[in-house]
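So you can see what is in the structure, the chains are spelled out below.
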Amino acid sequence: MRYALYFTPPAADPLALAARRWLGRDAFTGAAVDPAVVAGLDAKAFAALTVDPRRYGFHATLKAPFTLAEGRSEAELIEAVGRFAAESGPVRIPEVVVGRLGSFFALVTADPCDALQDLAAETVRRFERFRAPLTSADIARRKPDELGPAERQNLVQWGYPYVFDEFRFHMTLTGRVAPENRETVGKALLDHFAAFHGRPLEIDHLALFREPARGADFSVHSLFPLGGAANRKSA
């Protein structure tokens, strides 16, 4: 079993509902959802584009998936997440946009957001004690030869290449999109997420996700309001 600390909006939030329709899966219940229809792509091709983000659920990574360290328990982790969330204030991103990172699309920040970078960095540090060291197979899956020096060091030291200065907030919406399909997919995403593109986004919850076995779907275990404004909401 692995755990991860992500941001995702609450289940009934309009952004969560739009992402659920786009990805074809509800990360809160695990239920399949009739996916969006994209002009120019058949259903099979579209499903292939969203297979990876569908498995992980709609989210932005703060602490990447990890196996619990020896001697740590799920109950300990839940308690620590609750304390951390209560101590951490919400962050308002002034503007998120549909963007492309390399070959995949995601919701990203239009401009850097220092408060968000600080929250992500502190999440990585605070929960490092719960993370078991990566195995050699885990490291190999990250293709370290394709990473830059800082990313390789992060992978070894923190279990994930994209932390601290290498962190960039993104809520993944596709897997790799072939160059010939990028215009079609980009237009479909702008249409589907028009209500959120170019708008602010409140990062007001920390989500604990859980993967019951390697390769299984990730699902929301619990949401923790940042700042302790309400009791923890269980999925």
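> What am I meant to see in empty space enclosed by the protein here?
A probe matching the size of a water molecule, rolled over the atoms, marks out where space remains unfilled. Summed over all chains, the structure comprises four cavities of 30 Å³ or more. Here the largest cavity is characterised by a volume of approximately 110 Å³. Residue lining of the largest cavity: Thr 8, Ala 11, Ala 16, Ala 19, Arg 20, Arg 25, Asp 26, Ala 27, Phe 28, Gly 57 and Phe 58, and that is the complete set. Within the residue set of the lining of the second largest cavity, elements represented by two or more residues are β2 (60-66) and α5 (114-126). Considering each element in turn, the lining of the second largest cavity owes the most residues, four residues, to α5.

> Can you walk me through the environment of Phe 164 in this structure?
The topology assignment puts Phe 164 in the loop between α7 (149-158) and β5 (170-172). Placed 13 residues apart in sequence, Phe 164 and Glu 151 show a C-alpha to C-alpha distance of 9.9 Å. Excluding its chain neighbours within four sequence positions, the residues that come into contact with Phe 164 are Gln 117, Ala 121, Val 124, Arg 125, Asn 154 and Trp 158.

> Please clarify how the nonpolar core should be interpreted in this entry.
Most often, soluble globular proteins have nonpolar side chains that are buried together. One finds Trp 22, Leu 77, Phe 169, Phe 193, Leu 201 and Ile 203 to be the most contacted residues of the largest nonpolar core, which totals 52 residues. In terms of residue count, the dominant contributor to this core is helix α4 (residues 74-87) (six residues). Once residues within four sequence positions are removed from consideration, Phe 169 is found in contact with Phe 7, Ala 60, Ile 93, Leu 107, Val 108, Thr 109, Leu 116, Leu 201 and Ile 203. Core analysis: the next-biggest nonpolar cluster, separate from the first, contains nine residues, Ala 4, Tyr 6, Ala 207 and Val 220 among them.

> Sorry if this is basic, but what is going on with the packing of helix α1 (residues 14-23) against helix α8 (residues 182-192) here?
Each pair of packed helices can be described by the angle between their axes along with the distance between the axes. Where α1 contacts α8, the axes come no closer than 11 Å and their chain directions differ by 145°. In this structure, the crossing between α1 and α8 has a hand that is right-handed. Contacts from Ala 18, Arg 21 and Trp 22 in α1 reach Ala 188, Leu 189 and His 192 in α8. Considering only residue class, the contact of α1 with α8 consists of four nonpolar, one polar and one charged.

> What am I meant to see in the layout of surface pockets here?
Its volume calculated, the largest pocket comes out at about 1500 Å³. Of all the elements in the fold, those that place two or more residues in the lining of the largest pocket are β1 (2-7), α3 (51-56), β2, α6 (136-141) and β5. It is β2 that provides the largest number of residues to the lining of the largest pocket, a total of five residues. If you add up the space inside the second largest pocket, you get close to 190 Å³. Lining the second largest pocket are 14 residues, with Asp 13, Leu 15, Pro 200, Leu 201 and Glu 202 positioned closest to its centre. Going through the elements one at a time, α1 and β6 (199-203) are the ones with two or more residues in the lining of the second largest pocket. Residue contributions to the lining of the second largest pocket peak at four residues, all from β6. For the lining of the second largest pocket, a count of residues per class yields 10 nonpolar, no polar and four charged.

The rules behind each value
Residues numbered from 1 in each chain as written. Predicted model: local features only at pLDDT ≥ 70, side-chain atom pairs only at ≥ 80, totals over all residues. Heavy atoms only, no water. 1 Å grid on protein atoms, 1.4 Å probe; cavity = no way out; pocket = protein on both sides within 12 Å on 5 of 7 lines; lining within 4 Å. Points joined across faces, edges and corners; volume = space filled by probe spheres on them. Helix = DSSP H or I, 4+ residues; strand = E, 2+ residues; numbered from the N terminus. Contact = heavy atoms within 4.5 Å. Core = buried A, V, L, I, M, F, W, Y, C linked by side-chain atoms within 4.5 Å. Buried < 20%, exposed > 50% of the residue type's maximum accessible area, 1.4 Å probe, protein only. Axes fitted to C-alpha atoms, helices over the stretch in contact; angles between N-to-C directions. Left-handed = near helix turned anticlockwise from the far one by under 90°. Nonpolar A, V, L, I, M, F, W, Y, C, P; charged D, E, K, R; others polar.

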